[in-house]
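# A look at the structure
This is what each chain is made of:
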Amino acid sequence: MAGVNKVILIGNLGKDPELKYLEGNIARVNFSLATSESFKDKNGNRIDQTEWHNIVMWRTLAETAEKLLKKGMQVYIEGRLQTRQWNDKDGNKRSTTEIVADQFVILQRRDQNQQNSGDSNEGTNSSDLPF
């Protein structure tokens, strides 16, 4: 039986996307995304909990994200989990877990957060890509 590796997040960009071109002129963008939830503890105190996620996008989707996404925007992201391992310059084994996104939708722009206005359906996905 095949497995399922699917991640769906709604959160706010913690920084502007950083676009880099790798060998072969392949675009890669990365940024952090914050997801938050609130709950009450046993004493009735409200607790806010924020998780930070590392988001990666490739090729045309990466270039589109770099043009459209800015720090503070609320976005819907779909993708998959991926863990990478490498040895750092001192020979220590390092690893990171990322969400490799294959689509995003802008839900609210930063200026809309202040105005508390409606949604935007602007977005794109990997099915729009030519590969």
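Below you will find a few notes about this structure. These numbers come from a predicted model, not from an experiment. (Residues numbered from 1 in each chain as written. Predicted model: local features only at pLDDT ≥ 70, side-chain atom pairs only at ≥ 80, totals over all residues. Heavy atoms only, no water.)

This part is about the overall build of the protein. Within the protein, the regular secondary structure consists of 2 helices and 7 strands. Each helix (α) and strand (β) of the protein, taken in turn from the N terminus, gives the series β-β-β-β-α-β-β-α-β. A total of 131 residues make up the protein; the buried ones form 32% of that total. Considering only contacts in the protein between residues 6 or more positions apart, those separated by 24 or more positions represent 55%. A total accessible area of about 8800 Å² is found for the protein, and carbon and sulfur atoms account for 43% of it. (Helix = DSSP H or I, 4+ residues; strand = E, 2+ residues; numbered from the N terminus. Buried < 20%, exposed > 50% of the residue type's maximum accessible area, 1.4 Å probe, protein only. Contact = heavy atoms within 4.5 Å. Areas by Shrake-Rupley, 256 points an atom, 1.4 Å probe, with all protein chains shown as cover.)

A separate point is the environment of Thr83. Looking at the secondary structure, you find Thr83 in strand β5 (residues 74–87). In sequence terms Thr83 and Glu98 are 15 residues apart; their C-alpha atoms lie 6.3 Å from each other. Discounting residues that sit within four places of it in the chain, Thr83 has contacts with Thr96 and Thr97. Of the polar contacts made by the side chain of Thr83, one reaches the side chain of Thr97; its length is 3.1 Å. (Polar contact = N/O pair within 3.5 Å; in protein donor to acceptor, adjacent residues only side chain to side chain.)

Of the pairings in the sheet, the one linking strand β4 (residues 46–58) to strand β6 (residues 93–108) comprises 2 bridges and is parallel in character. Across the sheet, the residue bridging to Val56 is Val100, located in β6. In this sheet, β6 lies alongside β5 in antiparallel orientation, the contact comprising 14 bridges. Bridged to Asn87 within β6 is Lys93. Two successive antiparallel strands, β5 and β6, enclose a turn made up of 5 residues, where Gly91 displays a positive phi of approximately 85°. (Pairing = 2+ DSSP bridges.)

What follows concerns the environment of Arg59. For Arg59, the location among the structural elements is in helix α1 (residues 59–68). By relative accessible area, which is 35% here, Arg59 ends up partly exposed.

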